[in-house]
Amino acid sequence: MSSGTMKHSLQLSSTGLAPAIPFNQQRVRRTVPAINTIRASSAPSHNSDALGCCNNGFGLNKSESKTFVYIGGTVGVGLATGIVLQLAGPSGGGTGGGWMGGWGGGDGGGNFWAKIGAAIADDKRNDDSEDFDKHGMSVGLGIPINRLFSHKRYKISNVEIYDEREFKTINKNSEDCFYEMFSIQPGGVYKKEDLQKEHNNLKNSGMFATLEMETITQPDGTLKLKINFTESSWRGADRLRVVNVGFLKGNVREFDPNWDEEEKKKYFKEVKQDYKRRVKRTKHVLLPPSVERRISRMLSKNYRLSARLLQEVRDEVQRWYHENGYACAQVVNFGHLNTKEIICEVIEGDITKVDIQFQDKMGNLCEGNTSTAVIIRELPDELWTGRVFNIDAGRQALRNINGLALFSNIEINPKPDETNEGGIAVEVKLKELEHKTAEVSTEWSIVPGSGGRPHLASIQPGGSVTFEHRNLKGLNRSILGTVTSNNLFNPQDDLGFKMEYVHPYIDGLTNYDRNRTFRANCFNSRKLSPVFTGGPGLEEVPAIWVDRAGLKANISENLSRQSKFTYGVVIEEITTRDETSTICTSGARALPSGALTMDGPPTTLSGTGIDRMAFLQANITRDNTIFVNGTPVGARDVFQLDQGLGIGSKFPFFNRHQMSMTRFIQLKKAQDEGGPPPVMVLHGRYGGCVGDLPSYDAFTLGGPYSVRGYNMGELGACRNILELAAELRLPVRKTHAYAFAEYGTDLGSSKDVKGNPTEFFRRAGHGASYGAGVKLGLVRAEYAVDHNAGTGSVLVRFGERF
């Protein structure tokens, strides 16, 4: 299986939809309220603005009954697979009671979410229809909606909305919040019951003191809808209190309009007392007090509390929630109107359950192989039961679960909990990858030839065979094997292999405080040694190959998402060979006569060309970098230690350590067009060794990941090393160009390496370079100047320098 890298392809999907019917439906017509309350209507346009997630890779996708937030993504895991985070946000809520209980949204029982979906679905159904019945009456007649025929389907050609208090006409260009509340749109086809439902919804919302709807016949057989209204108003208030009404239900009996006056007074008293008790039992809200104080100051500046002002309060409250990722939060009701302190009731979107589901290739539910405890471990705390759903937590869960590399498709879908009014049920839907995979790949190496022209290193193909058995026993354990060779026709010449067993969660699946993974592998590899490399002007030096075969076992502990601590033991046999695969005991160089001198530095500690040793190895990485439009910003520190145990050839006892520090400093904010920000990169690396040091483990200076502008090891091989680098990255369109300067020195320690390979191969032991380049995807094209020789060269590299 190829390693693959994550490639984000963020999509914005949006479908046109007429504004939804205000979320204020009731089945029972209420009489005069005992408590001044009003249900908050929520408009689709507000949700879109409040979420405002397009810049962060989110888009709002509206369907007939839900509002979705969509992330498109592609992950290279053998084959490209899509990863989707689907967020179905609620559009309101309530626990019933409406005017009586003050818990808006209700029909007594108050399935507020379902009614929102039904309203939008009805509107969509009517809006999509093209056929209609002509009115069949004289032109210019004013007909109340209750006088229309029930069996006919009328087309509304125009809608005129007139505010009788402000003496103005409202339309979609007037930017009036009241326009959001009307779902009847020009061009739509509606029945009489649809128009009456619209009238009842608006009138019962409490936003209107008066409301009249009348149709006027038109010459083309359509109707013009005329709406006259006066908005409601109350005594001015100077304080706002926001309460979380999720899961709270009233204990008041249903109102009966046939009661006598005494019974009605008793009922209103019960409602008032029950309302006060419920307000006292409300949960703590996430909204900070500073927002409440700011809105309170806004209220105190108005002599009267109007319906439009309540809409502004609703928008301010919901804006804070949505801007901070709480997309399911919604204002559902206002209470204590006509008092100095009004109450704003919100449902924040508390998670009531998390349901993990597995799907087959066709998307049908099935039994999964992966233990659910493995999935639960990857969910952030903010996505557990009892927390408020947050988009950022959903995105984090998506990244964590994808990091398991066990699934071809991941979908996280929060939806209303049908069994718990006002709650959110989070569905995690997963499609598992095949547990057993095998892959064969071939490759031909291209090297520079005469005149710098590339040519094939060999007509014989190299390649690798990889097999993997992942997710053993459903616990994310795996076995991986890779066999590689530069000559598939005769692989025994340089056969390399690696077998690895990975065992995560060694402290137990339920131990969330520690996340340690055990790895054990056996390996056989061959690499060209940069220690035995000639300096400037020296004729070509015979290459020395280093073969390593052995066992390695370590434990890796994740300290954070990107930081980890690894420690273990390595037992290996090291063999040095020349280009004919013959064991080589010392380095060589060409004499002026053309002959080779074989009195070079010893290649191994034992002097026989073969070393055996065991040592402890530890590595700690502190990484808090984040990517801003594809460019890392932050800090990364790495410390590695190898400690010899005195076991092996010549009883090697040594301490080899190195530390690197890199800072990615963002100089200014990123461009709005999505380009990377300007970044200054500062890098330093120090390494040292005390005790027995074989030549093949000496630090080398020079190369694309040391000092650019030089070949690998061209500057020297040493016991101590110091590297310094600075790079300035400037945005150019969607990528960046950069200028750099680097310096490396052996700190005078080259002479302490056995045989002094730096002096033998006529290398300087220090050097500097500078240059400039441009990043093109995964490729770095750069021009580097060798400061020692004063010459420059054009280089093309893959991957990052730091």
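## Points about the pairing of strand S19 (residues 350-359)
- Counting buried residues in S19 gives seven out of 10 residues, a clear majority hidden from the surface.
- The sheet contact formed by S19 and strand S20 (residues 365-366) spans two bridges and is antiparallel. The residue bridging Phe358 from the neighbouring strand is Cys366, located in S20.
- Between S19 and S20, which pair antiparallel and follow one another directly, the connecting turn spans five residues, one of which, Gly363, has a positive phi of 90°.

## Details of the pattern of salt bridges
- In the structure shown here, the tally under the stated rule is 34 salt bridges.
- Notably, a salt bridge pairs Arg636 with Asp623, separated by 3.2 Å at the nearest N-O pair. With Arg636 in strand S36 (residues 631-648) and Asp623 in strand S34 (residues 610-623), this pair connects stretches of sequence that are 13 residues apart.
- Through salt bridges with shared partners, a single ionic network connects Arg708, Glu727, Arg729, Glu742, Lys775, Arg780, Glu782, Glu800 and Arg801.

## Let's talk about the environment of Val388
- Mapped onto the elements of the fold, Val388 is located in the loop between helix H8 (372-378) and helix H9 (391-402).
- Each C-alpha atom, one on Val388 and one on Glu348, is 6.5 Å from the other, the two residues being 40 residues apart in sequence.
- Residues within four places of Val388 in sequence aside, it is in contact with Leu286, Tyr326, Glu348, Gly349, Asp350, Ile351 and Glu382.

## What to know about the side chain of Ser749
- Counting through the fold element by element, Ser749 comes out in the loop between strand S42 (735-745) and helix H10 (757-760).
- Only 3.2 Å separates the side chain of Ser749 from the backbone nitrogen of Arg719, close enough to count as a polar contact.
- Polar contacts involving the side chain of Ser749 include one to the main-chain carbonyl oxygen of Asp746, which spans 2.6 Å.
- Ser749 has contacts with Cys718, Arg719 and Asn720, leaving out every residue within four places of it along the chain.

## Some details on the packing of aromatic side chains
- Evaluated as defined, the whole model comprises 12 aromatic pairs.
- Here the aromatic rings of Phe182 and Phe229 are separated by 6.2 Å at their centres, their planes lie at 45°, and the arrangement is tilted. Of this pair, Phe182 sits in the loop between strand S10 (168-170) and strand S11 (189-190) while Phe229 sits in strand S13 (residues 223-231); the two residues are 47 residues apart in sequence, bridging distant segments of the chain.
- Under the relative-accessibility criterion, Phe229 is labelled buried at 0%.
- Ring geometry for Phe532 against Phe761: centres 6.3 Å apart, planes inclined by 90°, an arrangement best described as edge-to-face. In this pair, Phe532 sits in the loop between strand S29 (516-528) and strand S30 (545-558) while Phe761 sits in the loop between H10 and strand S43 (766-776), placing the two residues 229 residues apart along the sequence. In this structure, Phe532 and Phe761 share a single accessibility class: buried.
- Aromatic rings pair up to connect Phe182, Phe208 and Phe229 into one cluster.

## A short note on a nonpolar patch on the surface
- A surface patch of nonpolar side chains, about 630 Å² in accessible area, is lined by Val440, Val465, Phe467, Ile479, Val483, Leu495, Phe497 and Met499.
- Among the elements of the structure, strand S26 (462-472), strand S27 (477-485) and strand S28 (496-504) are those that each provide at least two residues to the nonpolar patch.
- Note that Leu495 resides in the loop between S27 and S28.

## Concerning the packing of helix H6 (residues 289-300) against helix H7 (residues 307-323)
- Across the interface, H6 lies against H7 with an axial gap of 11 Å and an inter-helix angle of 165°. As the angle between them shows, H6 and H7 are arranged roughly antiparallel. Where H6 crosses over H7, the handedness of that crossing is right-handed. Across the interface between the two elements, Val291, Arg294, Ile295, Met298 and Leu299 from H6 touch Leu309, Glu312, Val313, Glu316, Val317 and Trp320 from H7.
- Tallied by class, the residues present in the contact of H6 with H7 amount to eight nonpolar, no polar and three charged.

The rules we used
- Residues numbered from 1 in each chain as written.
- Predicted model: local features only at pLDDT ≥ 70, side-chain atom pairs only at ≥ 80, totals over all residues.
- Heavy atoms only, no water.
- Buried < 20%, exposed > 50% of the residue type's maximum accessible area, 1.4 Å probe, protein only.
- Helix = DSSP H or I, 4+ residues; strand = E, 2+ residues; numbered from the N terminus.
- Pairing = 2+ DSSP bridges.
- Salt bridge = Lys/Arg side-chain N within 4 Å of Asp/Glu carboxyl O.
- Contact = heavy atoms within 4.5 Å.
- Polar contact = N/O pair within 3.5 Å; in protein donor to acceptor, adjacent residues only side chain to side chain.
- Phe/Tyr/Trp six-rings, centres within 6.5 Å; stacked < 30°, edge-to-face > 60°.
- Patch = residues over 30% accessible without salt bridge, like charges linked within 9 Å, V, L, I, M, F, W, Y side chains within 5 Å.
- Areas by Shrake-Rupley, 256 points an atom, 1.4 Å probe, with all protein chains shown as cover.
- Axes fitted to C-alpha atoms, helices over the stretch in contact; angles between N-to-C directions.
- Parallel < 35°, antiparallel > 145°, perpendicular 65-115°, else oblique.
- Left-handed = near helix turned anticlockwise from the far one by under 90°.
- Nonpolar A, V, L, I, M, F, W, Y, C, P; charged D, E, K, R; others polar.

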